[in-house]
Amino acid sequence: MNAIISLCHFCELHGPSVLFCTQTFHTQDPQHVLSAESPISADKEAPSYYVRDRVRSPTVEASASDPAEQQTRPSKASDLCEACRSLQPDQPGFISNDHEAKVSYVSSQYPDHPQVFSMVRQACLRSLSCEVCPGREGPIFFGDDHRGHVFSHTFFIQDSQARGFSRWYSIVVAMMDKVYLLNSWPFLVQHIKDIIDHIQEKASAVYQTEQAKCPQRAHRLLTAHINPANFRQHRGENKPARSLVDLTNDKNIFRYLHLSFTWVLKACGNRLTEKLVEGPPTEDSVIDLEKQEETDEGFIKLYTKKKDTAENVTLDEELTTDYPEPSFKNIRHLFKTLDAEKFHTLAHHVVTGNQIVVRSSSENLTRSLISCLKVLLPRGCCSVKGYSNTYEDSWRCNFLGIPKTVMMPQHVVTSEHYLLVEVRGPLNKPPVPTVADFEFMLHSEATLPEKGPTVLTKMESAITNEDLPIEVVEQCLICLKEEWMNKVKVLFMFTKAGGSRSDEDNKKMLKVLGAQEEDKRVLKFWMTGLSVQYRNHMLSASKSQAS
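Residues numbered from 1 in each chain as written. Predicted model: local features only at pLDDT ≥ 70, side-chain atom pairs only at ≥ 80, totals over all residues. Heavy atoms only, no water.

Draft legend 1. Quick look at the overall build of the protein. Scanning the protein from terminus to terminus reveals 19 helices and 14 strands. The contacts in the protein between residues at least 6 apart in sequence include a share of 68% that link residues at least 24 apart. Carbon and sulfur atoms make up 51% of the accessible area of the protein, which amounts to about 28,700 Å² in all. (Helix = DSSP H or I, 4+ residues; strand = E, 2+ residues; numbered from the N terminus. Contact = heavy atoms within 4.5 Å. Areas by Shrake-Rupley, 256 points an atom, 1.4 Å probe, with all protein chains shown as cover.)

Shown next as structure tokens:
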């Protein structure tokens, strides 16, 4: 994650101050990075990707060519009070090395690069002054493309000697990539709050101990009564501000912050990865993007599917077996296990939108069978309940897995829009069963037409072609689905524009699309899988043309 995490503090003498920073350095970065002699590293020799120089001490002076930095960065150690200092002048900082990724995580009082320091300084000023959430404690987002985008979490820690018995801190995450930072919002809120809770717990323990020895509120009231002039001092008494080490009574608090910030940078960077996409986005990729929800504040929230309690019920009498559960590897494996007739029947029900119910005592086998069938449909047409202890209606899901103890409703059994896959076995119970040891029975009241849909015929041709590797087959299925989703888009626009159409018009449209009468059910069902983005775009376009 190409970001910098900083701990900031509002000092009663110096105002908002940057206290501690952690950032990443890669092999190619021409930055100054700590050598392996720092407290964290145990190596005697630094690998070649570490840059030679050590991180500067916080007492280093800004260059004469940057007067702005001279005004904001302390020029001497004496300019820093105890509350504004995290590392001593003889302590360069901390480093953790990820040898596999060839990345160094470096912590110091200030960033060494002037532009990075300027960005962190601005984030510090705004997080502890104008950019605060209601109640002053909590997370907030601000920034721009010029000065960077910032996630800030402000908080208080207790201090018996401070004015108001508390001090104001913030942890800020600054980076230039706005989308990446917003997509990391839930992760950052959770784990930075854990760091804050750790600091507050330690400070609260110290505060309670000090208050038990000498209650400061009563002492200050007595001082104000005896000498009002002395009470007007900043903290009630003329005492120096204390460091975070003293407030938490933990001399390794900044080592803990280094390790915590390092983990956040690494773990957050591993959550999201970039993927090279050739050509325009497919309909499946648009569906995936629509699973992201945008909140009222304009933040992008990553979609996480809540697991259905019914889907994850463990039935001891059904799932407790003395043999390992087999599974289907891919769609060709499924085809070879079933005979050609059964596979065609099953695939026909899938592509035309009928509900597929798999009833089996093996949850693993059930889930793998459904997973293989999903590759025959566009992403927007798939609604799955992997393994439920109750029957779910077809409007809730078109793929459903159930154990053998679940009985099917009578209205479903007699429906033509449903197919039951009954899994029996394993036959003879071999020591290590495979899918070939199970029997798959299909039950449906529907009568299949003599000629199947065109897209299904092409899919079966690719699946049954032994000269094609399974990777090529999977790519072929993707291309076929996208080709027919394009036909669906044209048909959708045709039906929405110009009002009702006659049967003759519909036949002409099918001919233009290269579709036949047997393809109508597929096109109609796949139309339900169109993305909301495309639907809204087409509807708004048709309204504009009508007006």
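Having seen the model, we can carry on.
Draft legend 2. Molecular detail of helix α13 (residues 363–373). For α13, the buried fraction is high: eight of the eleven residues fall into the buried class. Listed as buried for α13 are E363, L365, T366, S368, L369, I370, C372 and L373. (Buried < 20%, exposed > 50% of the residue type's maximum accessible area, 1.4 Å probe, protein only.)

Draft legend 3. A look at the environment of V120. Within the element layout of this structure, V120 appears in helix α2 (residues 114–127). Considered as a pair, V120 and G148 are 28 residues apart in the sequence and their alpha carbons are 9.0 Å apart. Discounting residues that sit within four places of it in the chain, V120 has contacts with I4, S6, V18, C21 and P111.

Draft legend 4. Quick peek at the sheet that holds strand β6 (residues 148–158). Overall, antiparallel pairing links the seven strands, which are arranged β3-β4-β2-β1-β7-β6-β5 in an open sheet. Bordering the open sheet on either side are β3 (94–98) and β5 (138–144), each of which pairs with just one other strand. Across the sheet, the mean angle separating the axes of adjacent strands is 20° when strand polarity is ignored. Here β3 runs beside strand β4 (residues 103–108); their pairing, made up of five bridges, is antiparallel. Paired with N97 across the two strands is S104, which belongs to β4. Along the sheet face, α2 touches β1 (4–11), β2 (15–26), β5, β6 and β7 (166–175) and points at about 140° away from the line of β2. The sheet contacts of helix α4 (residues 185–213) involve β5, β6 and β7, and relative to β6 the element is tilted by about 25°. (Pairing = 2+ DSSP bridges. Axes fitted to C-alpha atoms, helices over the stretch in contact; angles between N-to-C directions.)

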